[in-house]
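Single-letter residue listing:
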Amino acid sequence: MMTNPGNRITQGQFSFLPDLTDAQITAQIKWALKHGWAVSVEYTDDPHPRNTYWEMFGNPMFDLKDPAGILMEINNCRKTFPHHYIRVMAFNSTRGGESPAMSFIVNRPKKEPGYRLIREERDGRSMGYTIEPYATDKPEGERYS
């Protein structure tokens, strides 16, 4: 049984589930706000597993308490970057630091090309592996259009 049909990028929570509806996204944002977490919207066209620093869309919403305002930012980001990955991040600052407490993807390109595995033989019979996204074969801005 294949657990990831369609070779979707699986980063953050809910990544093995079908795309969340706006109502489901709002419910998750309400839950984060109820816990006092700051929410931000981020986007990228290179969701490599080691690319943890995506571009921020606007400023983090530290003082926003209404999920409708955050959903409005998500929809603005979707309009601006329709062929990018977009995620919502919630940060817990209760221990004096900014720690991600929640992260989930809210927008994906229609076609997700996936990754290639490059195997490299090294000294002493050891093997090295590199993951390289097919999307980066094209220049930035043309990767998913």
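Position numbers for residues count from 1 along each chain, tracking the sequence in the order it is written. With pLDDT at 70 or above as the cut-off, local features in this predicted model cover only qualifying residues; side-chain atom pairs require 80 or more to be listed or tallied, and sums for whole chains, interfaces and linings still use all residues. The side-chain quantities take in all heavy atoms of the structure and omit both hydrogens and water.

Engineer: Help me understand the overall build of the chain, please; the structure alone is not making it clear to me.
Structural biologist: In this text, helices come from DSSP runs of H or I with a minimum length of four residues, and strands from runs of E with a minimum of two, each type numbered from the N-terminal end. Scanning the chain from N- to C-terminus turns up two helices and six strands. Sequence-ordered secondary structure for the chain, helices as α and strands as β, is α-β-β-α-β-β-β-β. Its C-alpha atoms give the chain principal-axis dimensions of about 55 × 35 × 35 Å. The chain carries 18 positive and 18 negative side-chain charges, and their two centres are separated by 6 Å. By the counting rule applied here, Lys and Arg register as positive and Asp and Glu as negative, while His and the ends of each chain are not counted. Taken as the charge centre is NZ of Lys, CZ of Arg, CG of Asp or CD of Glu, depending on the residue.

Engineer: What is the right way to look at the pairing of strand β1 (residues 38-44) in this model?
Structural biologist: Successive side chains on a regular strand alternate, one facing one side of the sheet and the next facing the other. Buried, partly exposed and exposed residues are distinguished by accessible area as a fraction of the type maximum, computed with a 1.4 Å probe on protein chains only: under 20%, between the cut-offs, and over 50%, respectively. For β1, the buried fraction is high: seven of the seven residues fall into the buried class. Burial along β1 is two-sided: the residues Ala38, Ser40, Glu42 and Thr44 and Val39, Val41 and Tyr43 are all buried. Where β1 lies against strand β2 (residues 55-56), two bridges are found, and the strand directions are antiparallel. Pairing of tyrosine 43 across the sheet is with glutamate 55, part of β2. Pairing between strands requires that DSSP locate at least two bridges from one strand to the other.

Engineer: Help me out: how do you make sense of the packing of aromatic side chains in this one?
Structural biologist: Two numbers describe a pair of aromatic rings. These are the distance of the centres and the angle of the planes. Any pair of Phe, Tyr and Trp rings, taking the six-membered ring for Trp, is counted once the centres come within 6.5 Å. Such a pair is stacked with planes under 30 degrees apart, edge-to-face with planes over 60 apart, and tilted for the rest. Taken as a whole and assessed by the stated rule, the structure comprises four aromatic pairs. Plain terms: the ring middles of tyrosine 43 and phenylalanine 81 are 3.9 Å apart, the flat faces sit at 15 degrees to each other, and that makes the pair stacked. Of this pair, tyrosine 43 sits in strand β1 while phenylalanine 81 sits in the loop between α2 (67-80) and β3 (85-92), and the two are 38 residues apart along the sequence. Per residue, the accessibility class of tyrosine 43 equals that of phenylalanine 81, and both read buried. Ring centres 6.4 Å apart and planes at 90 degrees place the aromatic pair phenylalanine 57 and phenylalanine 81 in the edge-to-face group. Residue phenylalanine 57 is located in the loop between β2 and α2, and its partner phenylalanine 81 is located in the loop between α2 and β3; the two are separated by 24 residues in the primary sequence. Phenylalanine 81 shares its class with phenylalanine 57; the two are buried.

Engineer: I keep staring at helix α1 (residues 22-34) and nothing clicks. Help me out?
Structural biologist: Along an α-helix, residues three or four apart share an orientation, since each turn contains 3.6 residues. The terminal C-alpha atoms of α1 lie 18 Å apart, and with 13 residues this matches the ideal 18 Å at 1.5 Å per residue to within 8%. Taken as a whole, α1 has its buried residues at Ile25, Thr26, Ile29, Ala32 and Leu33. Projected onto a plane normal to the axis of α1, the buried residues spread over an arc of 120 degrees and lie on a single side. Every exposed residue of α1 that faces more than 90 degrees away from the buried side is listed here: Ala23 and Lys34. The span one expects for a helix is its residue count, reduced by one, times 1.5 Å. Directions are taken from the helix axis to each C-beta atom, and the arc is the one they span.

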